[in-house]
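Examination of the molecular architecture
Here's the letter readout for the chains.
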Amino acid sequence: MAFSVITRSHSYDYNDAEDSVFGMRQDLTVQNLPTRRKRFVRRHSYSPYEVKVKTLAHHHQWKAPEFFRGAKLPPGRMVSHQSSLPRLPVPDLCQTLEKYLLTVRPLVDDTAFQKTKQLVEEFGKSGGLGESLQTKLKKRAQERQNWLDDWWLHTAYLDYREPVVIHVSPGIVCPPQNFSGKEEQLQFAAKLVAGVLDYKVQVDDQSVPIDKLRTQPLCMDQYYKLFSACRLPGDQRDQVVVYGPDCDDRPRHIVVVHNNQFFSLDVYDNNWKPLSQDLIHAQLQRVVCQSKHPGVPVGILTTENRDTWGRVYKVLKKDKHNKRSLEAINKSMFMLCLDQETDRGADRWTSMGHQLMHGGGSQLNSGNRWFDKTLQFIVGTDGAVGIVYEHSPAEGPPIIALLDHMLDYCCQAPAVKGPSVQPMEPERLFFSLNDSVLEAIDNAKRNLDMQVQDLDLHLVMFRTYGKDFPKSQRLSPDSYIQMAMQLAFYKVYKVACATYESGSTRMFHLGRTDTIRSASVQSLEFCQAMQDSTIHPSEKVALLRRAVEGHKKYAQETVSGQGIDRHLLGLKLIAVEAGLDVPVLFVDSTYQQAMHFKLSTSQVPSKYDSLLCFGPEVPDGYGVCYNPAQDHLNFCISAFNSSLQTDTGKLAAALQQSLLEMQELLQTQAKL
């Protein structure tokens, strides 16, 4: 059967596996699968959550459907522990309100803070509105497997109407290859496809190692939703469909796109064994021979505003040939995009970051995509390799596990000649395009090119040291890097800002993420001290250690289900669902500032030198993703050129300087 998922969210999760609070272990093997999340609202002056609440208020009688409507995960080892996972808790109300005041203190002046403190006291008083909403929320938690699941998925993903490109779908840049021509590109692509199919076999037979936090198994629900999944555009709300291995019409094909032309490629033999690498290679050669010249870039329509794309999608589906092609794309296990060469310029890594995020624009590879597809693997003629993934069905850890397995396979697996089977010929997917659709494609080209021009991207390879250095100082690498980012922002702007870092809540059934708020009173005191030459270095070291430990403690509480952001969101949404006005606490200017994440950050470690790239959360903010290796640190910093307040080059320079100063500070004091 096909499973309909009516959900939506921008979130990723990953955190340093060697920092015990975040460590995800697959059985006895440490996996660097930390936590990251992505977001929702841009180009608005109000809180990200306000857009969601307005949408929900518009449909406040609507009852959310199940994540997989009427579907169950197939029994097996990978999900055998699911029923024993604890439910996501509803934190204590007083605890959340106290922590909320602590987190906003470094962001606002005394006058604003006193006003907010009064609102918090009124909201949380005995017998007040807060207690009433808390009771309703606890009742919801008793009635559901996860009180947040459907709320979060709907409000954070599928109701979001901005394009998925840049705003939702991240790109992952893998180590580039050196191809001498088209043939080597196809040989590598065939091995990549074989590696992904090898991983899918493990998912289907549930031999994938179970993620663990220390000894506690984590929710594996998302692994089942990676393959044969696709987002479908709709009017005001999208859907996600997933065709699982127990589907009546089990998919056995992938879709290959070359020169903007789409082909369905059967990748199994009659016994449901994946085709060998040499047979896949031969099929890819046939695809390239049949698509020597660029076609109309139908795929660029998936870069449009979701409502706009939804209207065009309805028009396309009216034609039976289009409908068949769309179904082939939707049901395919994944997509392989064979890209044309791109002018790299001086910075190859940053250029590849652009290519993986959006394709480079309408004149390059942006039409060689279907951004609604959950998994797209990109292999460029010039050696660019990576993944683009639509975020609705799953978060980061399953994607990184897949990526590492794929790269392991490409590095280690020899080319083995398969048995002499005759696979089906690649099937070209035709689209019948009338004048209105062709006009929509032209509009999509213009709109995408404006987005591409607006994206300011800077990939930084910090080679002086890696995560081993903070470990040598008995400091959490993730918390240490977060403090470096706080210092970098303070160097440029002389103020603290609301900072988002994702913390995984997968220790709970159907858990997703909550927010680790990296800006704190302690982090601000550290940043101020670092800019004050009259303060003794020993005191600066003490302030750094205090800030790092404070962040680590907050992170531990968050992954244990005691974060404040999802709890506050739940209190707001339960009020709206009950037909009440949004509580005054949530329209306070301080709350708006606290939700305006000018730094949206995520750690996405991989065993390879890969780097995930995503856009900023707010128009005047930055997106920062990092992959900490033992001896170096990789960063991707994004912003919008249309903002006069942001400059990725300045922030990158300040970040590198902050990392050097922090190392010098700790090393100097260690010698005394």
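Look a little higher up for the structure.
Please read all numbers here as calculations on a predicted model, not as lab measurements.

1. Quick notes on the overall build of the protein chain
- The helix and strand tally for the protein chain stands at 19 helices and 21 strands.
- Per-residue burial over the protein chain gives 64% buried out of 672 residues.
- Across the protein chain, contacts joining residues at least 24 apart in sequence account for 78% of those joining residues at least 6 apart.
- About 24500 Å² of surface is accessible on the protein chain, with carbon and sulfur atoms providing 50% of the total.

2. Regarding the pattern of salt bridges
- This model, assessed by the stated rule, comprises 32 salt bridges.
- For R250, the salt bridge is made with D204, and the minimal N-O distance between the two is 3.5 Å. Of this pair, R250 sits in the loop between β8 (239-243) and β9 (253-258) while D204 is found in helix α6 (residues 182-204), placing the two residues 46 residues apart along the sequence.
- Linking R566 and D514 is a salt bridge whose minimum nitrogen-to-oxygen distance equals 3.9 Å. In this pair, R566 is assigned in helix α17 (residues 565-577) and D514 in strand β17 (residues 513-517), connecting sequence segments 52 residues apart. Residue R566 shares its accessibility class with D514, and that shared class is buried.
- What emerges from the salt-bridge pattern is a single network uniting R161, R231, D238, R306, D307, D372 and E390.

3. Topic: the nonpolar core
- Counting residues in hydrophobic clusters, the biggest one holds 87 residues, and the most contacted among them are Y480, F526, F635 and L659.
- Among residues more than four places away in sequence, those in contact with Y480 are Y465, F469, P470, L475, V548, L659, M662, Q663 and L666.
- Ranked by size, the runner-up nonpolar core spans 57 residues in total, among them I210, L275, F377 and L402.

4. Considering the packing of helix α2 (residues 93-104) against helix α3 (residues 110-124)
- Running from N to C, α2 and α3 cross one another at 175°; their axes reach a closest spacing of 11 Å. Put simply, α2 runs roughly antiparallel to α3. Contacts between α2 and α3 involve L93, L97, Y100, L101 and V104 from the former and F113, T116, K117, V120, F123 and G124 from the latter.
- Grouping the amino acids of the contact of α2 with α3 by side-chain chemistry returns eight nonpolar, two polar and one charged.

5. A word on helix α11 (residues 396-412)
- The end-to-end C-alpha separation of α11 is 24 Å, in line with the 24 Å expected for 17 residues at 1.5 Å each.
- Burial runs high along α11: 14 of the 17 residues are buried.

6. Details of the pairing of strand β16 (residues 499-504)
- Among the six residues of β16, six are classified as buried, and the element is accordingly described as predominantly covered.
- Residues of β16 alternate between two faces, with T499, E501 and G503 on one and Y500, S502 and S504 on the opposite face, all of them buried.
- Of the strand pairs in this sheet, β16 and strand β18 (residues 599-603) are connected by three bridges, and their pairing is parallel. Its bridge partner being in β18, E501 is matched across the sheet by T601.
- The pairing of β16 with β17 spans five bridges and is antiparallel. Note on β17: the bridge partner recorded for G503 is D514.

7. Topic: the packing of helix α14 (residues 477-493) against helix α16 (residues 537-562)
- Where α14 contacts α16, the axes come no closer than 9 Å and their chain directions differ by 120°. Viewed along their axes, α14 and α16 form a crossing whose handedness is right-handed. When α14 is examined against α16, the residues D478, S479, Y480, Q482 and M483 are found in contact with a partner set consisting of L544, A547, V548, H551 and K552.
- Grouping the amino acids of the contact of α14 with α16 by side-chain chemistry returns five nonpolar, three polar and two charged.

8. Some remarks on helix α15 (residues 521-530)
- For α15, the set of buried residues is S523, L524, F526, C527, A529 and M530.
- Against the buried residues of α15 lie α14, α16 and α19 (648-671).

9. Let's talk about the sheet that holds strand β20 (residues 622-628)
- Ordered in space as β15-β21-β20-β18-β16-β17, the six strands form an open sheet in which the pairing is mixed. Every interior strand has two partners, whereas the edge strands, β15 (455-462) and β17, have only one. The mean inter-strand angle of the sheet, taken between neighbouring strand axes irrespective of direction, is 25°.
- Across six bridges, the pairing between β20 and strand β21 (residues 633-640) is antiparallel. Residue pairing across strands places Y626 opposite F635, the latter belonging to β21.
- α14 contacts β16, β18, β20 and β21 of the sheet and is inclined by roughly 145° relative to β20.
- Where α17 meets the sheet, it contacts β16 and β17, and its direction lies at approximately 120° from that of β17.

10. Some remarks on the pairing of strand β11 (residues 335-339)
- Counted residue by residue, β11 has five buried out of five residues, so it is predominantly covered.
- Taken together, the four bridges between β9 and β11 define a ladder with parallel strand orientation. Across the sheet, V256 pairs through a bridge with L336, a residue of β11.
- In this sheet, strand β12 (residues 375-380) lies alongside β11 in parallel orientation, the contact comprising five bridges. When the bridges of β12 are listed, L336 appears paired with F377.
- Between the parallel elements β11 and β12, the chain passes through helix α10 (residues 348-358) in a crossover that is right-handed.

11. Examining the sheet that holds strand β13 (residues 385-389)
- Spatially, β14-β10-β9-β11-β12-β13-β4-β19 is the arrangement adopted by the eight strands of the open sheet, whose pairing is mixed. Pairing within the sheet leaves two strands with one partner each, and these edge strands are β14 (427-429) and β19 (611-613). Averaged over all pairs of adjacent strands, the angle between their axes in this sheet comes to 25°, without regard to strand direction.
- Sitting on the sheet, α6 is in contact with β9, β11, β12 and β13, with an inclination near 155° to β12.

Rules of the game
- Residues numbered from 1 in each chain as written.
- Predicted model: local features only at pLDDT ≥ 70, side-chain atom pairs only at ≥ 80, totals over all residues.
- Heavy atoms only, no water.
- Helix = DSSP H or I, 4+ residues; strand = E, 2+ residues; numbered from the N terminus.
- Buried < 20%, exposed > 50% of the residue type's maximum accessible area, 1.4 Å probe, protein only.
- Contact = heavy atoms within 4.5 Å.
- Areas by Shrake-Rupley, 256 points an atom, 1.4 Å probe, with all protein chains shown as cover.
- Salt bridge = Lys/Arg side-chain N within 4 Å of Asp/Glu carboxyl O.
- Core = buried A, V, L, I, M, F, W, Y, C linked by side-chain atoms within 4.5 Å.
- Axes fitted to C-alpha atoms, helices over the stretch in contact; angles between N-to-C directions.
- Parallel < 35°, antiparallel > 145°, perpendicular 65-115°, else oblique.
- Nonpolar A, V, L, I, M, F, W, Y, C, P; charged D, E, K, R; others polar.
- Expected span 1.5 Å × (residues − 1).
- Pairing = 2+ DSSP bridges.
- Left-handed = near helix turned anticlockwise from the far one by under 90°.
- Right-handed = clockwise from strand over helix to strand, strands pointing away.

Geometry only, nothing functional implied.
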